[in-house]
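Chain by chain, the residues:
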Amino acid sequence: MEMEKKRIGVLTGGGDCAGLNSAVKWVTKTALDDRLQGARKIQYEVLGIRDGWKGLVKPEGDEDDRAPRICTLTEELVRTWDRYGGTNLGTSRTNPYDPKNNRSNIVLENIERYHLDFLVAIGGEDTLGVAYKLFVEGVKVVGIPKTIDKDLSGTDYTLGFETAVNVITEEIDRLRTTAGSHRRIFVVETMGRHAGWLALEGGESSGAYVILIPEYNFEIEKVNELLVEGRRKGARYEIIVVAEGAKPVGYSEIVREEGVDSFGHETLGGIGEFVAKWISQLTRIDTRSITLSYLQRGGVPCAYDRRMGRYFGIAAVDLIAREDFGRMVSYRNGRITSVPLQEAIGQLNLVDIRTQYDTERYNGRRTILGN
Ligand code: F6P
């Protein structure tokens, strides 16, 4: 029987995280699966696009490094990928629609040149924002959500988040023994940009005493009161988790570096040290800060990210087979489903203070079912 031949390009964009390789593996395995191809009467070829959107801006490589950015993915090649962190395809924060350097036409030309019938873009709001613009220009694209920040709308899960929460929990377990030995306060800064999910769920998982998130501006005096209260009740040490985007009332976010990237994002960082200094001055308790930084994005994917990468990868190929483009696969109310890309990138998914945060204790909620 004559089979129709189609090409799928797959790329990972934005910050790396755990679970990306699993998603690429399962896009590849599902597309190349003999039985599915027979049932769908389509023979797919899968091409990996290296370094995010840069791979479609400069597929032939850079002037100083001519390594091609388009490669064939086979089942044998991706067989073990789900066990590894980061992204084997590489990534970048290249924005083809950067208003200062719009290269979207080059991307469209290269999609034609490499005969990419379909594109699977794995990323957060920036990468999927580009995917949406390409879809509007006629590209048959589907998205897979990933970001340790878990700030994408339209999905309850984004790849990389659980592994990052595991890292936070493990590192805080380590800090507890040294904090307790010295009777110190430790301020642990997490990533997350403008969303507090990593700090909140990492703090809840590790049993942090105070959790400070961007969605609720904190009073430093109140933090101190809580600390003094804790010591009075006999605590030997305290762990404070602070999201990089958190800020005290009357202050703005602290930035680590001047300038913005090609998507207009500032590089946040420094609030942990700021809070630690303030606490030690006001309480006179020995206080240290630590920034978990890129450790949260590294390491082997936890079981959940391997599994979700698998489900998301399979669902992306389902969307392609159904010719349902311009959508992002999503996890919603316990089910794998899909939403229009536009819904995912419209606005950030932030912590709902009313239902998920205790503004008195600066911590996670203490009643879940309600009274
Ligand atoms: O979006 C993921 C993230 O890790 C954020 O939590 C963090 O603010 C940012 O990326 C860091 O970006 P970069 O990798 O460009 O330093």
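Right above here is the structure, for reference.
Residues numbered from 1 in each chain as written. Predicted model: local features only at pLDDT ≥ 70, side-chain atom pairs only at ≥ 80, totals over all residues. Heavy atoms only, no water.

(A) Representation of the sheet that holds strand β7 (residues 210–212). Read across the sheet, 4 strands follow the order β7-β8-β6-β11 without closing on themselves; strand pairing throughout is parallel. Single-partner strands in this sheet number two, and they are β7 and β11 (287–291). Here the strands of the sheet are splayed against their neighbours by 20 degrees on average, with no regard to which way each runs. Bridge analysis of strand β6 (residues 185–190) against β11 gives 5 bridges, and the strand direction is parallel. Looking at β11, one finds that V187 is bridged to S289. Packing against the sheet, helix α8 (residues 197–206) makes contact with β6, β7 and β8 (238–243), and its axis sits at approximately 170 degrees to β7. (Pairing = 2+ DSSP bridges. Helix = DSSP H or I, 4+ residues; strand = E, 2+ residues; numbered from the N terminus. Axes fitted to C-alpha atoms, helices over the stretch in contact; angles between N-to-C directions. Contact = heavy atoms within 4.5 Å.)

(B) Seen up close, the site of the ligand. Every residue lining the ligand is accounted for by R93, I148, D149, M191, G192, R193, E244, Y294 and R297. Measuring from an oxygen atom of the ligand, one finds a side-chain N or O atom of R93 at 2.8 Å. A distance of 2.7 Å is found between an oxygen atom of the ligand and a side-chain nitrogen or oxygen belonging to D149. When the ligand sits alone it has 400 Å² of accessible area, and the protein chains cover 83% of it. In terms of residue class, the shell around the ligand is built from 3 nonpolar, 1 polar and 5 charged. (Near = heavy atom within 4 Å. Polar contact = N/O pair within 3.5 Å; in protein donor to acceptor, adjacent residues only side chain to side chain. Areas by Shrake-Rupley, 256 points an atom, 1.4 Å probe, with all protein chains shown as cover. Nonpolar A, V, L, I, M, F, W, Y, C, P; charged D, E, K, R; others polar.)

(C) Expanded view of helix α11 (residues 303–321). The end-to-end C-alpha distance of α11 is 27 Å, a good match for the 27 Å that 19 residues give at a rise of 1.5 Å each. For α11, the complete set of buried residues consists of D305, M308, G309, F312, G313, A315, A316, V317, L319 and I320. Just downstream of α11, E323 is the residue with a positive phi angle, here 55 degrees. (Expected span 1.5 Å × (residues − 1). Buried < 20%, exposed > 50% of the residue type's maximum accessible area, 1.4 Å probe, protein only.)

(D) Quick look at the environment of L341. Looking at where L341 falls in the secondary structure, it is placed in helix α12 (residues 341–345). In the structure, L341 is positioned 163 residues away from T178 in sequence and 46 Å away in space, judged by C-alpha atoms. Not counting chain neighbours up to four residues away, the residues in contact with L341 comprise L128, A131, Y132, V141, G143, G326, R327 and M328.

(E) Looking closely at the pairing of strand β13 (residues 335–340). Bridge count between strand β12 (residues 327–332) and β13: 6 bridges; the pairing is antiparallel. Bridging from a neighbouring strand, Y331 pairs with I336 of β13. Counting the residues that bridge the hairpin from β12 to β13 gives 2 residues, and of these N333 lies at a positive phi of roughly 50 degrees.

(F) The arrangement of helix α6 (residues 125–136) in detail. Under the 1.5 Å per step criterion, the end-to-end length of α6 is 16 Å for 12 residues, consistent within 8% with the ideal 16 Å. Buried-residue contacts for α6 involve β1 (4–12), α5 (104–113), β4 (118–123), β5 (141–145), β12 and α12. Looking one or two residues beyond α6, the residue adopting positive phi is G138, at roughly 105 degrees.

(G) Molecular detail of the nonpolar core. V120, I144 and L212 are the most contacted members of the largest nonpolar core, which has 76 residues in total. Each residue touching L212, except ones within four places of it in the same chain, is listed here: A199, F218, V223, I240, V241, V242, A243, A246, Y357 and Y362. If you look at the next biggest cluster of nonpolar residues, it comprises 26 residues, including L47, V57, L116 and L134. (Core = buried A, V, L, I, M, F, W, Y, C linked by side-chain atoms within 4.5 Å.)

(H) How the structure looks around unusual backbone geometry. Here D51, not a glycine, exhibits a phi torsion of approximately 60 degrees, which is positive. Along the chain, the position of D51 falls in the loop between β2 (42–49) and α3 (54–57). The phi torsion at H115 lies on the positive side, around 50 degrees, for a residue other than glycine. Among the structural elements, H115 can be located in the loop between α5 and β4. With relative accessibility at 55%, the residue H115 sits in the exposed group.

(I) Broad picture of the sheet that holds β5. With mixed pairing, the 7 strands of this open sheet are ordered in space as β3-β2-β1-β4-β5-β12-β13. Each end of this open sheet is capped by a strand with a single partner; those strands are β3 (70–73) and β13. In this sheet, neighbouring strand axes are inclined to one another by 30 degrees on average, regardless of whether the strands run parallel or antiparallel. Inspection of the sheet shows β1 paired to β4 by 5 bridges, in the parallel sense. In the sheet register, L11 faces β4, and the bridge partner there is A121. Its contacts with the sheet place helix α1 (residues 20–32) against β1, β2, β3, β4 and β5, and it is angled at close to 155 degrees to β2. Docked against the sheet, α6 engages β1, β4, β5 and β12, running at close to 155 degrees with respect to β4.

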